[in-house]
Amino acid sequence: MKMKKLAIACGAILMGATSLAQAELTANIGVTSNYLWRGVTQTGDDAAVSGGIDWAHDSGFYLGTWASNIDWGNGSGAEVDFYGGFANEIGDFGYDVGLIYYYYPTSGFEDSDFTELSLSGSWKFLEAGIAYTINGQADSDGPFSDGDLYYHLSASFDVAETWSIGATIGHYDFDTTKAFGDLDYTHGQIDVTKSAGDWGDFTMTVSKAQEESGNDDTKFVISWAKSF
């Protein structure tokens, strides 16, 4: 009887070890001269430091969190993202269904939190996606409350052993009343990335957003990121 119990215990340990082996925990850190999100600066065109932790299972389920400093012109703050979803591939086609919660814990950024549902698909070097704001703390008639849609199309290529280039075009369609004016805009950017192995990746970005606010200057950004 003791031998049988020992065998069962050993089997449970092995099953647990196998389950852990099917999941991967990674972390990332990054520094950028300008934190751009969908073509718009989140730091008043100043630098940002970021970091995150991701858990991914072989089945396709994933969870993660990521944080960065921000500045919307009302003082320094923080953005903390919490997300999860399911991603997988069928031949050359990949897909990702996810949920992300944007959390702004700093004083002065009240009523800024919002949640998005996203769906994206990829085929070889192409990717397309859509994100829908399902709820937010902002004024119900304003942006980032609910009903906003963001679309994007991107392509990326390896042009040499340690070099790659990518291009993205996106459009934000805000569900707002006339009192807020026309906030919709389109943006585009090109990224050139150099992989430095254990030293991480260096990226140069050229970005331009056509915003009604007039903040549509072409932006040049240098970034560094490393995963481990």
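In what follows, the structure referred to is the one given above.
Residues numbered from 1 in each chain as written. Predicted model: local features only at pLDDT ≥ 70, side-chain atom pairs only at ≥ 80, totals over all residues. Heavy atoms only, no water.

## Focus: the overall build of the chain
1) Next: A count of helical and extended segments in the chain gives one helix and 14 strands.
2) Next: Considering the chain as a whole, with its 228 residues, one finds that 30% of them fall into the buried category.
3) Next: Considering only intrachain contacts with a sequence separation of at least 6, the fraction spanning at least 24 residues in the chain is 41%.
4) Next: For the chain, the exposed area adds up to about 13,600 Å²; of that, 63% sits on carbon and sulfur atoms. (Helix = DSSP H or I, 4+ residues; strand = E, 2+ residues; numbered from the N terminus. Buried < 20%, exposed > 50% of the residue type's maximum accessible area, 1.4 Å probe, protein only. Contact = heavy atoms within 4.5 Å. Areas by Shrake-Rupley, 256 points an atom, 1.4 Å probe, with all protein chains shown as cover.)

## Thoughts on the packing of aromatic side chains
1) Next: Throughout the structure, instances matching the rule amount to 22 aromatic pairs.
2) Next: With 4.8 Å between their ring centres and 65° between their planes, F61 and F86 make a pair best called edge-to-face. Of this pair, F61 sits in strand β5 (residues 61–71) while F86 sits in strand β6 (residues 76–90), and the two are 25 residues apart along the sequence.
3) Next: Taken together through their ring pairs, the aromatic side chains of W37, Y102, F114, F144, Y150, Y172, F174 and Y185 make up a single cluster. (Phe/Tyr/Trp six-rings, centres within 6.5 Å; stacked < 30°, edge-to-face > 60°.)

## Side note on the sheet that holds strand β12 (residues 185–195)
1) Next: In space, the twelve strands of this closed barrel follow the order β1-β4-β5-β6-β7-β8-β9-β10-β11-β12-β13-β14, with antiparallel pairing throughout. Put simply, the sheet's adjacent strands are angled 20° from each other on average, direction ignored.
2) Next: By the bridge criterion, eleven bridges tie strand β10 (residues 149–160) to strand β11 (residues 163–173) in an arrangement that is antiparallel. Of the residues in β11, the one forming a bridge with A160 is W163. (Pairing = 2+ DSSP bridges. Axes fitted to C-alpha atoms, helices over the stretch in contact; angles between N-to-C directions.)

## Some points on the nonpolar core
1) Next: Core analysis: the largest hydrophobic core is formed by 17 residues, its most contacted members being Y35, W37, Y102, Y104, Y172 and Y185.
2) Next: Once you skip the residues sitting within four places of it in the chain, Y102 turns out to touch W37, R38, E79, V80, D81, D113, F114 and E116. (Core = buried A, V, L, I, M, F, W, Y, C linked by side-chain atoms within 4.5 Å.)

## Comments concerning unusual backbone geometry
1) Next: The backbone of K124 sits at a positive phi, close to 55°, despite the residue not being glycine.
2) Next: By secondary structure assignment, the location of K124 is in the loop between β8 (114–123) and β9 (126–136).
3) Next: Given a relative accessible area of 57%, K124 falls into the exposed group.
4) Next: Its identity as a non-glycine residue notwithstanding, F144 has a phi of 65°, on the positive side.
5) Next: With respect to the element layout, F144 can be found in the loop between β9 and β10.
6) Next: Given a relative accessible area of 24%, F144 falls into the partly exposed group.

## Structural notes on the pattern of salt bridges
1) Next: All chains considered together, the criterion is met by two salt bridges.
2) Next: Here E116 and R38 are joined by a salt bridge, their closest N and O atoms 2.8 Å apart. Taken as a pair, E116 in strand β8 and R38 in the loop between β2 (36–37) and β3 (40–41) lie far apart in primary sequence, 78 residues in all. With respect to class, E116 is no different from R38; both count as buried.
3) Next: K219 is the partner of D45 in a salt bridge, and the nearest nitrogen-oxygen pair spans 3.0 Å. Linking D45 in the loop between β3 and β4 (48–57) with K219 in strand β14 (residues 219–227), this pair joins segments that are 174 residues apart in sequence.
4) Next: Overall, the relative accessible area of 9% leaves K219 in the buried class. (Salt bridge = Lys/Arg side-chain N within 4 Å of Asp/Glu carboxyl O.)

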